[in-house]
Amino acid sequence: MAELDPHIHQPTRLRILMLLSGVDLADFTFLVNTLGLTKGNLSSHMSRLEEAGYVEVTKSFDGKIPNTAYSLTRNGRSSLEKYWRAIDDIRHGAE
Amino acid sequence: MKRTDDSAGEADDGVREIPTWARRYAQNLTLPVVVSLVIFAVASCMFGGLSYLTAWAYVNDKRVLAGASMLVLCAFAVSWVWFSFVGGTRIMRQITKQLYRGEGSASVGPPLGPGAMSHPPTLIGFVFMFCVLASVGLGLLGFLPTRYMQPISAVYVVPFLCYIGLKVCRGGSPFMFLWPALYAIHAVLLVTGVPIGMGPMLDMFVPTVGYGLIAALAGHIYSRVALRRLRRLAASPEVPQETAE
């Protein structure tokens with residue numbers, strides 16, 4: 001039986017990582033709007049992903065307005081690929 | 001790491017499509033191109049109008065009007081140079097941010113900010129400008145038939161637009177390749193004698209602005225489709241709770 005990464009095997013975090021794997025950079029507003037989460041929920045998920053080393057945070061200022069953008073790290077990308085391989089292994093094992 | 005097998009099948013229910021639609025959305029944010037082309041069209045009309053007014057006033061011996069319109073024309077030309085080389089990038093960046101403020105920012109090329117769109121190499125730019133000036137100059141001097149100005153321009157405009165699409169706008173919208181494609185088709189139709197000619201000036205202006213607008217609007221419409229699909233696929237199964245950030 002394949003092992004699944006607990007950081008990724010959570011529906012919202014999986015969606016966040018998949019979203020970030022399709023783009024180079026996405027800001028906080030885009031993630032909140034697209035995922036339909038509250039800012040608080042997204043913040044806590046992003047903190048966990050950042051602690052795991054799966055996402056990189058870029059903080060900047062647009063004039064006086066702070067902007068937080070996220071990108072997937074190389075580690076995050078390879079972990080995501082491993083996760084899907086594990087899912088496929090489980091699928092094939094079950095068939 | 002933990003072992004899980006019963007929920008594995010639920011995890012990839014459409015989730016695998018998220019990166020594809022996220023990329024399609026981010027690639028097709030082409031509204032700034034629409035804005036740029038509208039600005040270019042308005043500026044071109046103002047240049048044309050002021051030039052015509054100046055020439056008309058001069059020919060009809062209205063010296064004061066000719067001088068005044070010439071001054072306005074010069075001021076407008078200086079403003080246009082400033083916009084093109086100094087302030088335009090910053091203004092367009094602000095406009096882009098305002099246009100997409102409601103949905104946030106996602107990019108597949110360089111991030112928004114300095115260098116969001118790298119300028120074409122100077123040599124390519126000079127070659128392009130030389131071709132424009134040479135063909136317009138030869139046309140005005142009567143060395144080129146005016147009805148073939150657009151087809152002749154297609155020889156350098158089409159490769160330039162393809163180059164811009166491929167190299168400069170990394171991660172740009174595939175729909176923007178409609179622009180050179182339609183420009184080339186227009187040229188072929190003119191050469192083969194299809195009656196779509198609108199006069200030497202409009203034959204250049206309409207394909208340049210019009211086909212650019214068509215391509216950019218097609219990209220924008222597709223980005224709306226991609227965003228709707230993306231939001232459906234990426235909608236979190238969590239019930240939103242109001243918590244402080």
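Calculation notes
Residues numbered from 1 in each chain as written. Chains lettered and ligands numbered in written order. Predicted model: local features only at pLDDT ≥ 70, side-chain atom pairs only at ≥ 80, totals over all residues. Heavy atoms only, no water. Helix = DSSP H or I, 4+ residues; strand = E, 2+ residues; numbered from the N terminus. Contact = heavy atoms within 4.5 Å. Areas by Shrake-Rupley, 256 points an atom, 1.4 Å probe, with all protein chains shown as cover. Axes fitted to C-alpha atoms, helices over the stretch in contact; angles between N-to-C directions. Left-handed = near helix turned anticlockwise from the far one by under 90°. Nonpolar A, V, L, I, M, F, W, Y, C, P; charged D, E, K, R; others polar. Core = buried A, V, L, I, M, F, W, Y, C linked by side-chain atoms within 4.5 Å. Buried < 20%, exposed > 50% of the residue type's maximum accessible area, 1.4 Å probe, protein only. Patch = residues over 30% accessible without salt bridge, like charges linked within 9 Å, V, L, I, M, F, W, Y side chains within 5 Å. Salt bridge = Lys/Arg side-chain N within 4 Å of Asp/Glu carboxyl O. Pairing = 2+ DSSP bridges. Phe/Tyr/Trp six-rings, centres within 6.5 Å; stacked < 30°, edge-to-face > 60°.

(A) How the structure looks around the overall build of chain B. What chain B contains, in helices and strands, is 8 helices and 2 strands. Reading chain B from its N terminus to its C terminus gives the helix and strand order β-α-α-α-α-β-α-α-α-α. Long-range contacts, defined as pairs at least 24 residues apart, comprise 75% of the intrachain contacts of chain B with a sequence gap of at least 6. With an accessible surface of roughly 14,400 Å², chain B has 71% of that area assigned to carbon and sulfur atoms.

(B) The packing of helix α7 (residues 178–191) of chain B against helix α8 (residues 200–234) of chain B, seen in detail. All names here are of chain B. Where α7 contacts α8, the two axes come as close as 8 Å, and the packing angle between them is 145 degrees. When you trace α7 past α8, the crossing you get is right-handed. Where α7 approaches α8, its residues Leu-178, Trp-179, Leu-182, Tyr-183, His-186 and Leu-190 are matched on the opposing element by Asp-203, Met-204, Pro-207, Thr-208, Tyr-211, Gly-212, Ile-214, Ala-215 and Ala-218. Here the contact of α7 with α8 is built from residues that sort into 11 nonpolar, 3 polar and 1 charged.

(C) Structural detail: the nonpolar core. One finds A:Leu19, A:Leu20, A:Phe30, A:Leu31, A:Leu42 and A:Met46 to be the most contacted residues of the largest nonpolar core, which totals 42 residues. When contributions to this core are tallied by element, the ones reaching two or more residues are α1 (11–22), α2 (28–35), α3 (39–51), β4 (65–72) and α4 (74–94) of chain A together with α2 (18–27) and α8 of chain B. A:Met46 has contacts with A:Ile16, A:Leu20, A:Leu31, A:Val55 and A:Tyr70, leaving out every residue within four places of it along the chain. In this structure, B:Leu144, B:Met149, B:Phe160 and B:Ala187 belong to the second largest nonpolar core, which totals 21 residues.

(D) Region of the structure containing a nonpolar patch on the surface. A cluster of nonpolar residues, B:Tyr52, B:Leu53, B:Trp56 and B:Leu65, forms a patch on the protein surface that exposes about 400 Å² of accessible area. You can see B:Trp56 is positioned in helix α3 (residues 31–59).

(E) Representation of the pattern of salt bridges within the structure. Per the counting criterion, the structure on display carries 4 salt bridges over all chains. Residues A:Asp88 and B:Arg16 are paired through a salt bridge, measuring 2.6 Å at the closest nitrogen-oxygen approach. Pair noted here: A:Asp88 is in helix α4 and B:Arg16 is in the loop between α1 (8–11) and α2, and the two residues belong to different chains. Residue A:Asp88 is classed as partly exposed on the basis of its relative accessible area, which comes to 26%.

(F) Focus on α2(A). Where burial is concerned, most of α2(A) is hidden: 6 out of the 8 residues are buried. Of the residues one or two after α2(A), A:Gly36 is the one with positive phi, at around 70 degrees.

(G) Molecular detail of the side chain of A:Ser21. Here A:Ser21 is to be found in helix α1. For A:Ser21, a relative accessible area of 18% puts it in the buried group.

(H) How the structure looks around the sheet that holds β4(A). Overall, antiparallel pairing links the 4 strands, which are arranged β3(A)-β4(A)-β2(A)-β2(B) in an open sheet. Strand pairing shows two members of the sheet lacking a second neighbour, β3 (55–62) of chain A together with β2 (106–107) of chain B, which therefore form its edges. Two strands pair when backbone bridges link them, and strand β2 (residues 25–27) of chain A and β4(A) are joined in this way by 2 bridges, in the antiparallel orientation. Within the sheet, the bridge partner assigned to A:Ala26 lies in β4(A) and is A:Tyr70.

(I) Examining the packing of aromatic side chains more closely. All names here are of chain B. Taken as a whole, this structure holds 8 aromatic pairs over all chains when the rule is applied. Centroid distance Trp-80 to Phe-83: 5.7 Å. Interplanar angle 20 degrees. Geometry classified as stacked. Of the two residues, Trp-80 and Phe-83 are both situated in helix α4 (residues 63–99); the distance of 3 residues between them amounts to about one turn of the helix. You can call Trp-80 partly exposed: its relative accessible area is 24%. Feature note: the residues Trp-21, Phe-175 and Tyr-222 constitute an aromatic cluster, connected by ring pairs.

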